[in-house]
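Residue-level listing of the chains:
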Amino acid sequence: MAIRVFLLLLLFLSSAIVSFSLYEDQAGLADWHQRYIGKVKHAVFHTQKTGRKRVIVSTEENVVASLDLRHGEIFWRHVLGTKDAIDGVGIALGKYVITLSSEGSTLRAWNLPDGQMVWETALSSAHHSKSLLSVPINLKVDKDYPITVFGGGYLHAVSAIDGEVLWEKDFTAEGFEVQRVLQPLGSTVIYVLGFVNLSEAVVYQIDSKIGEVVAQKSMVFPGGFSGEISSVSSDKVVVLDSKKSILVTIGFIDGDISFQKTPVSDLVENSGNAEILSPLLSNMLAVKVNKRTIFVKVGGEGKLEVVDSLSDETAMSDSLPVADDQEAFASVHHEGSKIHLMVKLVNELDNVLLRETIQMDQHRGRVHKVFMNNYIRTDRSNGFRALIVMEDHSLLLLQQGAIVWSREEGLASVTDVTTAELPVEKDGVSVAKVEHTLFEWLKGHVLKLKGSLLLASPEDVVAIQELRVKSSGKNKLTRDHNGFRKLILALTRAGKLFALHTGDGRIVWSMLLKSQACERPNGISLYQWQVPHHHAMDKNPSVLVVGRCGSDSSAPGVLSFVDVYTGKKITSSDIGHSVVQVLPLPFTDSTEQRLHLIADTVGHVHLYPKTSEALSIFQREFQNIYWYTVGADDGIIRGHVMKSSCSGETADEYCFTTRELWTVVFPSESEKIISTLTRKPNEVVHTQAKVNTDQDLLYKYVSRNLLFVATVSPKGAGEIGSVTPEESSLVVYLIDTITGRILHRLSHQGCQGPVHAVFSENWVVYHYFNLRAHKYEVTVVEIYDQSRAENKNVWKLILGKHNLTAPITSYSRPEVFTKSQSYFFAQSVKTIAVTSTAKGITSKQLLIGTIGDQILALDKRFVDPRRTLNPSQAEKEEGIIPLTDSLPIIPQSYVTHSHRVEGLKGIVTAPSKLESTTHVFAYGVDLFYTRLAPSKTYDSLTDDFSYALLLITIVALVAAIYITWALSEKKELSEKWR
Amino acid sequence: MAPILRSTSLLALFVCHISLFFFFASNLPISSGSEDSYTITGRVRIPASTVIGHAAKFSNIKVILNGGQNVTFLRPDGYFTFHKVPAGTHLIEVYAMGYFFSPVRVDVSARHNGKVQATLTETRRSLTELVLEPLRAEQYYEMREPFNVMAIAKSPMGLMVGFMVVVVFLMPKLMENIDPEEMKSAQEQMRSQGVPSLSSLLPASR
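Predicted, not measured: the structure shown is a model, and the values here were computed from it.

Procedures and definitions
Residues numbered from 1 in each chain as written. Chains lettered and ligands numbered in written order. Predicted model: local features only at pLDDT ≥ 70, side-chain atom pairs only at ≥ 80, totals over all residues. Heavy atoms only, no water. Helix = DSSP H or I, 4+ residues; strand = E, 2+ residues; numbered from the N terminus. Contact = heavy atoms within 4.5 Å. Areas by Shrake-Rupley, 256 points an atom, 1.4 Å probe, with all protein chains shown as cover. Disulfide = S-S within 2.5 Å. Buried < 20%, exposed > 50% of the residue type's maximum accessible area, 1.4 Å probe, protein only. Pairing = 2+ DSSP bridges. Axes fitted to C-alpha atoms, helices over the stretch in contact; angles between N-to-C directions. Buried area = accessible area lost by both parts, 1.4 Å probe. Salt bridge = Lys/Arg side-chain N within 4 Å of Asp/Glu carboxyl O. Polar contact = N/O pair within 3.5 Å; in protein donor to acceptor, adjacent residues only side chain to side chain. Nonpolar A, V, L, I, M, F, W, Y, C, P; charged D, E, K, R; others polar. Phe/Tyr/Trp six-rings, centres within 6.5 Å; stacked < 30°, edge-to-face > 60°. Lys NZ or Arg CZ within 6 Å of the ring centre and 35° of its normal.

## Focus: the overall build of chain B
The secondary structure content of chain B amounts to six helices and 11 strands. Across chain B, the fraction of contacts at a sequence separation of at least 24, relative to all contacts at a separation of at least 6, is 55%. Of the roughly 12700 Å² of accessible surface on chain B, a fraction of 63% belongs to carbon and sulfur atoms.

## Considering the state of the cysteines
Residue and element names in this part refer to chain A. On inspection of all chains with the given rule, the structure shows one disulfide over all chains. Across a sulfur-sulfur distance of 1.9 Å, Cys646 and Cys655 are joined as a disulfide pair. On the sign convention where negative is left-handed, the bridge of Cys646 and Cys655, at about -55 degrees about the S-S bond, is left-handed. By the burial criterion, Cys646 is buried, and Cys655 matches it.

## Notes on the sheet that holds strand β49 (residues 672–678) of chain A
Residue and element names in this part refer to chain A. One open sheet accounts for four strands, arranged β49-β52-β53-β54; its pairing is antiparallel. The outermost strands of the open sheet, each flanked by one partner alone, are β49 and β54 (742–749). Taken over all neighbouring pairs, the strand axes of this sheet differ in orientation by 15 degrees on average, direction set aside. In the sheet, strand β52 (residues 706–712) pairs with strand β53 (residues 729–736) via seven bridges, with the strands oriented antiparallel. Bridge pairing in β53 links Val709 to Tyr733.

## A few points about the interface of chain B and chain A
In this assembly, 57 residues from chain B lie in contact with 73 residues from chain A. Both faces combined, the contact of chain B with chain A buries some 5700 Å², and carbon together with sulfur accounts for 59% of it. Where chain B meets chain A, there are two salt bridges. Its salt-bridge partner being Lys62 of chain B, residue Glu902 of chain A comes within 3.1 Å of it at the nearest N-O pair. Joining chain B to chain A, the criterion identifies 16 residue pairs in polar contact (both at pLDDT 80 or more). Within the residue set of the side of chain B that touches chain A, elements represented by two or more residues are α2 (54–59), β2 (62–65), β3 (70–73), β4 (79–86), β5 (88–95), α4 (156–177) and α6 (198–201) of chain B. At seven residues, the largest contribution of residues to the side of chain B that touches chain A is made by α4 of chain B. Classifying every residue of the side of chain B that touches chain A gives 28 nonpolar, 16 polar and 13 charged.

## Some remarks on unusual backbone geometry
Residue and element names in this part refer to chain A. Geometrically, the link from Tyr608 to Pro609 is a cis peptide bond, its omega value of -5 degrees lying close to zero. By the secondary structure assignment, Pro609 is in the loop between β45 (604–608) and α5 (612–620). A positive phi is found at Glu103, a non-glycine position, where the angle reads about 55 degrees. Relative to the helices and strands, Glu103 resides in the loop between β7 (96–101) and β8 (106–111).

## Let's talk about the packing of aromatic side chains
Residues and elements named next belong to chain A. On inspection of all chains with the given rule, the structure shows 20 aromatic pairs over all chains. Here the aromatic rings of Trp32 and Tyr929 are separated by 5.6 Å at their centres, their planes lie at 25 degrees, and the arrangement is stacked. Of the two residues, Trp32 is situated in strand β1 (residues 32–34) and Tyr929 in strand β64 (residues 927–932); the sequence distance between them amounts to 897 residues. Tyr929 shares its class with Trp32; the two are buried. In this arrangement the basic side chain of Lys775 is found over the ring face of Phe824, its NZ or CZ atom lying 4.6 Å from the centre.

## Examining the pattern of salt bridges
Applying the stated criterion across every chain, the model contains 29 salt bridges over all chains. Across the salt bridge formed by Arg638 of chain A and Glu660 of chain A, the nearest N and O atoms sit 3.3 Å from each other. With Arg638 of chain A in strand β47 (residues 636–645) and Glu660 of chain A in strand β48 (residues 655–665), this pair connects stretches of sequence that are 22 residues apart. With relative accessibility at 44%, the residue Glu660 of chain A sits in the partly exposed group. Where Lys830 of chain A meets Asp853 of chain A, a salt bridge forms, and the shortest distance between an N and an O atom there is 2.7 Å. Linking Lys830 of chain A in strand β59 (residues 829–834) with Asp853 of chain A in the loop between β60 (845–850) and β61 (855–859), this pair joins segments that are 23 residues apart in sequence. What you see here is one network of salt bridges that share partners, running through Lys830, Asp853, Arg900 and Glu902 of chain A together with Lys62 of chain B.

## Description of the pairing of strand β1 (residues 37–44) of chain B
Residues and elements named next belong to chain B. With respect to burial, β1 is a largely interior element, seven of its eight residues being buried. The sheet contact formed by β1 and β4 spans six bridges and is antiparallel. Residue pairing across strands places Gly42 opposite Phe80, the latter belonging to β4. Summarising the sheet, β1 and strand β10 (residues 131–132) pair through two bridges and their orientation is parallel. Paired with Val44 across the strands is Leu132, a residue of β10.

## Focus on the side chain of Ser728 of chain A
Within the secondary structure, Ser728 of chain A is located in the loop between β52 and β53. In contact with Ser728 of chain A, not counting residues within four places along its chain, are Ser713, Gly716, Val723, Gln749, Gly750, Cys751, Gln752 and Leu771 of chain A.

## Here's the deal with the sheet that holds strand β5 (residues 74–79) of chain A
All names here are of chain A. The strand order β2-β3-β4-β5 describes an open sheet built from four strands, whose pairing is antiparallel. Each edge of the open sheet is held by one strand with a lone partner, namely β2 (40–46) and β5. Taken pair by pair, the neighbouring strands of this sheet meet at an average axis angle of 15 degrees, ignoring direction. Of the pairings in the sheet, the one linking strand β4 (residues 63–68) to β5 comprises five bridges and is antiparallel in character. Of the residues in β5, the one forming a bridge with Ser66 is Trp76.

Next comes the structure, spelled out in structure tokens:
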């Protein structure tokens, strides 16, 4: 019997050994990847030809993409560099997408069907300025119709075929800023209208073939222009004067300039400042006055008259030619939870071509932009579709009174992420029926076995995938035993909070921040406000969302408390002060609400929640609260303590003043702070001691109050290539934030930033550039406690002569020593994170977000200062890897496998309940989630475990036993007969 | 494994060099430009592949200057250009899914009118032309072993089954070879020691 049990055990063990990396058919089981593009800035429809209908968009995340107009899927997209903001997009020759970026200095053409770059042209520019792209709407392949680009004081004509610069005109000397380029159809002369110093209007007539100025006219406008301009027809533009009270129509028929002034007060009574809206309408312009939008018709002689006025909350599209020389435009306005889409003819505003009412989610906010496109229906009438961009950055296509598709583009600009538990499964809620009968159960496992032996047909593979998803029950909205199902809460720049399910990445709920003080606050950061356990079990957990009314740091803050289960806002308050820093304190009140301190720009701190209980807890710990600020500009790190309650009539009892306790001043001529980092406050450390191979004991210096600071020489703060090795050096510090004591200082000569670092337990790993070797380097610094290093002797422990029970205080001077080691690393890095598990027992992996937007998992064992060139046998047994000069990049250990997290910005890890496993969520333009087991899943069987094979083997064994028994009986019997 | 790999890649390089000599000899990495800003032009070459989606892979290649300062893309012929690069020592990285490229150290000389010198930082090999090739192809997934009788036989379960077969079919043969006298004495000895036989383990054997 014992043998059989042993055999069974052996079986289990042999099946439980899993490979660390993924098989191709396992991709997408525990991970998901979502592709986004960001908030759309420009959109150009391409629907003329039969076949695929597309829309070309460019976004605020510097993405140019081609979307399927039917389903909203991405055909192709390109994420340009972070400094390569797109200024304009157009379609040339019916087959190239033209993008102008980097303030008019880079012009690229992309192949429309597949997104391959066709040509790229760098244009000269002298200074920063508004840029302008004008693509002729002409399908003729001809050099007579070049693309004209203005940017940085130069006007260029570029051939659409190969990107060749046909001619360029230097306007830098005159200070001429081009506002409009007009190309009358069929003519090779282009009209270029612009301003000189915003006071003189100049029109150039330029031969588009050779770039020669045919004629030039200029006229000084005494009042000066404000720069807002709207072109209403091929020979007229309307400008606002510098006081924003007079509309000036500039006509330039045949190169003659004429001004015609119309005060806004003539059009609207009691008018304030006017503002010209961006939509281009033919022979008409939209002006915003007195919080209303008025439509002003421009007559033949430049006469202006008001034809219509709408409420302020109206978004409009450019006008678009429809049949019979008429132009139409779309306007969208809100009414309660509905939006009204109207398409009107420009000439007859009473003639509404289309009126649709669509129910709209309140949490999308208002409509920001409308792009309209028309198509010919089968009955030869005009149909319209509108692409709208909402306040939460989402993109929707409206057609025939319905939302055809929508994309949650807000998720392309995530600013902060936290995780939350799902509700516990209630009694009465039955567990999903996964397997019905034994037969089906067995069938499923046979299928899995076939899959793992590569005997499965394609249909079987599909069935296996389905079965796996079903059996894992990973998409349920309740807590599971292993803690694999969780909510990821992501706050976006638009001020919207999303809850994503870890199982499949779907949006469970979303909520747009609101405030009384301002229209729409920006989202800054997220904090765990209430995580109920123990005595407050019946409460729902909640998060604190910190927002701000405006982009300035002194703008007033907005706090919202959101219920995690329901996504409903509990309360929201406009706090009267600014938010510079939010400090979660290690105290909770009786309802498990965490105490938070919020520091403002004046130097006061404010306690939240504003309850007397919180105040009494805080008063008890008043002397023990320290915090620090980093002044990156002046190179000073300051430590602060609480001083007293605020005085003054506006102050309440929850406001406190602080005083400066210590400062660390870095000499500004030689050091500039480029990176600071602390440990994650909620990190779990399993053991303080580390046993060496020679039975030696090292005590980790685990302190929550350590700050990692990296500084470089001011010259080396720029880009790589701008400094020589002799001019730049990198210095890193470990600073105690209670006392301001510098515990460790390490200097790297001939190195420069950017520094990307990760701080966990007692070690820091940071990535920087070594100018001498011209390679990236990674350095690890481990910090150990010397004062407790004497406690190695067993006798000391037995006799109690150790200092392990001595209280550890942050005030005393710690005796520490450090170990460090450096390695080369072959890639640029965008961000580094580290895995975190529930109890901290599992070994750690570094998650390195590379510049190729992939995430590499690297065992901490590779960055261990104890690595030597020739490790001893004992060290090898312990798992110490022989020292190599560079860190390995193993393609199978990319956790993103074949995906790219385009525009990667951050990686967040969170522990699951199963000790071996950790959640990893990466965000950028794309989102990616996966579960990782850094030391393999040693505490559970994998999904791949084949029960069928086990069962078959057991059955076979039992059968074999009975057969041999029967045989031996027979033999015994025959022997007895002998 | 490694030496084989290296030799094949060397061979590939060799072949490519020859072809480059014929076709791109005129395309020396000379940069041009004004006094303080130059242009770096280079080419990315990926060994032709029969894999479907090779072209799609090609259109998603990014070339990155100085860790993200500038990002550019490849033209259909594989060429890329960085404009307005100041003189100095720069770093060019190529990112293509499925391939690993060594970062390239590029020295743009101000004295020689923007002459470009390029060195692969991983292999320390200097390039005569700025033609970048992948050091190796990357496979992001573990390969599943194809169905193999030997693999099954070698697995613990296979070994167990094999052992069983040995016990069932070979042991009786071995028994037969033993001298009957000896056998009897051995059996008696066993019985006296009370070692359970296989049959005694099962119920209803007696």
